[in-house]
Amino acid sequence: MLVLITYDVNTETAAGKSRLRKVAKQCVNYGQRVQNSVFECQMDAAKCREVKAILEDLIDKEKDSLRFYYLGNNYKNKVEHIGAKPGFDVTEPMIL
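Residues numbered from 1 in each chain as written. Predicted model: local features only at pLDDT ≥ 70, side-chain atom pairs only at ≥ 80, totals over all residues. Heavy atoms only, no water.

Colleague: It is not clear to me how the overall build of the protein chain should be interpreted in this structure. Could you clarify?
Modeller: A count of helical and extended segments in the protein chain gives two helices and four strands. Expressed as a percentage of the 96 residues in the protein chain, the buried residues total 28%. Counting every atom, the protein chain has about 6800 Å² of accessible surface; 50% of that belongs to carbon and sulfur. (Helix = DSSP H or I, 4+ residues; strand = E, 2+ residues; numbered from the N terminus. Buried < 20%, exposed > 50% of the residue type's maximum accessible area, 1.4 Å probe, protein only. Areas by Shrake-Rupley, 256 points an atom, 1.4 Å probe, with all protein chains shown as cover.)

Structure follows, in structure tokens:
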């Protein structure tokens, strides 16, 4: 299923900047960055629970936030892209 993960980490302190880097690094491990704090992740339910637990442990729940949007398997007609950074299919192989 396609899961959209977004986060907002308070970076007013050095600890916040460190949390931001850690959250971003974990998200890169599981999906493709489509905006600064937005990742599209193709994963099954078990992997999603794993990622959610990892990210929850990283953030300060009093200052930061995470949002998970579960778009499911039929997401292609639910995602529209306009503008810079052209859209792509996260299920296709990526050639670097």
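Colleague: Could you clarify how one ought to interpret the nonpolar core in this entry?
Modeller: Note that soluble globular proteins tend to have their nonpolar side chains buried in a common cluster. Ile5, Tyr7, Val23, Cys27 and Leu55 are the most contacted members of the largest nonpolar core, which totals 16 residues. For Tyr7, the residues in contact, after removing those within four places along its chain, are Leu20, Val23, Ala24, Cys27, Arg33, Asn36, Ser37, Phe39, Ser65 and Leu66. (Core = buried A, V, L, I, M, F, W, Y, C linked by side-chain atoms within 4.5 Å. Contact = heavy atoms within 4.5 Å.)

Colleague: Could you clarify how one ought to interpret the sheet that holds strand β3 (residues 38-42) in this entry?
Modeller: In any sheet, the strands associate via hydrogen bonds between backbone groups, in a parallel or an antiparallel arrangement. As summarised here, the arrangement of the four strands in space is β2-β3-β1-β4, forming an open sheet in which the pairing is antiparallel. Taken across any chain shown, the strands that pair with only one partner, and hence form the sheet edges, are β2 (32-35) and β4 (65-72). When the angles between neighbouring strand axes are averaged without regard to direction, this sheet yields 25 degrees. (Pairing = 2+ DSSP bridges. Axes fitted to C-alpha atoms, helices over the stretch in contact; angles between N-to-C directions.)

Colleague: Could you clarify how one ought to interpret helix α2 (residues 45-58) in this entry?
Modeller: Counting along an α-helix, one turn takes 3.6 residues, and residues three or four places apart therefore face a common direction. Look at α2: 20 Å from first C-alpha to last across 14 residues, which is about the 20 Å you get at 1.5 Å a residue. Of all the residues in α2, the buried ones are Cys48, Val51 and Leu55. The buried residues of α2 all sit within an arc of 65 degrees when viewed along its axis, so they share a single face. Of the residues in α2, the exposed ones pointing more than 90 degrees away from the buried face are Arg49 and Asp57. Buried residues along α2 sit against β1 (2-8), α1 (14-30) and β4. Residue Asp44 occupies the N-cap position of α2, its side-chain oxygen lying 3.3 Å from the main-chain nitrogen of Ala46. (Expected span 1.5 Å × (residues − 1). Arc of directions from axis to C-beta. Polar contact = N/O pair within 3.5 Å; in protein donor to acceptor, adjacent residues only side chain to side chain.)

Colleague: What exactly am I supposed to notice about the packing of α1 against α2 here?
Modeller: The geometry of a pair of packed helices is captured by two quantities: the angle between their axes and the separation between those axes. Between α1 and α2, whose axes approach to 9 Å, the crossing angle comes to 170 degrees. It follows from the interaxial angle that α1 and α2 lie roughly antiparallel. Together, Arg19, Lys22, Val23, Gln26, Cys27 and Tyr30 of α1 and Lys47, Glu50, Val51, Ile54, Leu55 and Leu58 of α2 make up the contact between the two elements. Grouping the amino acids of the contact of α1 with α2 by side-chain chemistry returns seven nonpolar, one polar and four charged. (Parallel < 35°, antiparallel > 145°, perpendicular 65-115°, else oblique. Nonpolar A, V, L, I, M, F, W, Y, C, P; charged D, E, K, R; others polar.)

Colleague: Looking at this structure, how should I read the pattern of salt bridges?
Modeller: Side chains bearing opposite charge may pair, as long as their charged atoms lie close to each other. Inspection of every chain in the model, using the stated rule, returns three salt bridges. In this structure, Asp64 engages Arg19 in a salt bridge whose closest nitrogen and oxygen atoms are separated by 2.7 Å. A residue pair is termed long-range when its members are at least 10 positions apart, and Asp64 in the loop between α2 and β4 and Arg19 in helix α1 qualify at 45 residues. Given the relative accessible area of 13%, Arg19 is considered buried. The salt bridge partner of Lys61 is Glu56, with a shortest N-O separation of 3.3 Å. (Salt bridge = Lys/Arg side-chain N within 4 Å of Asp/Glu carboxyl O.)

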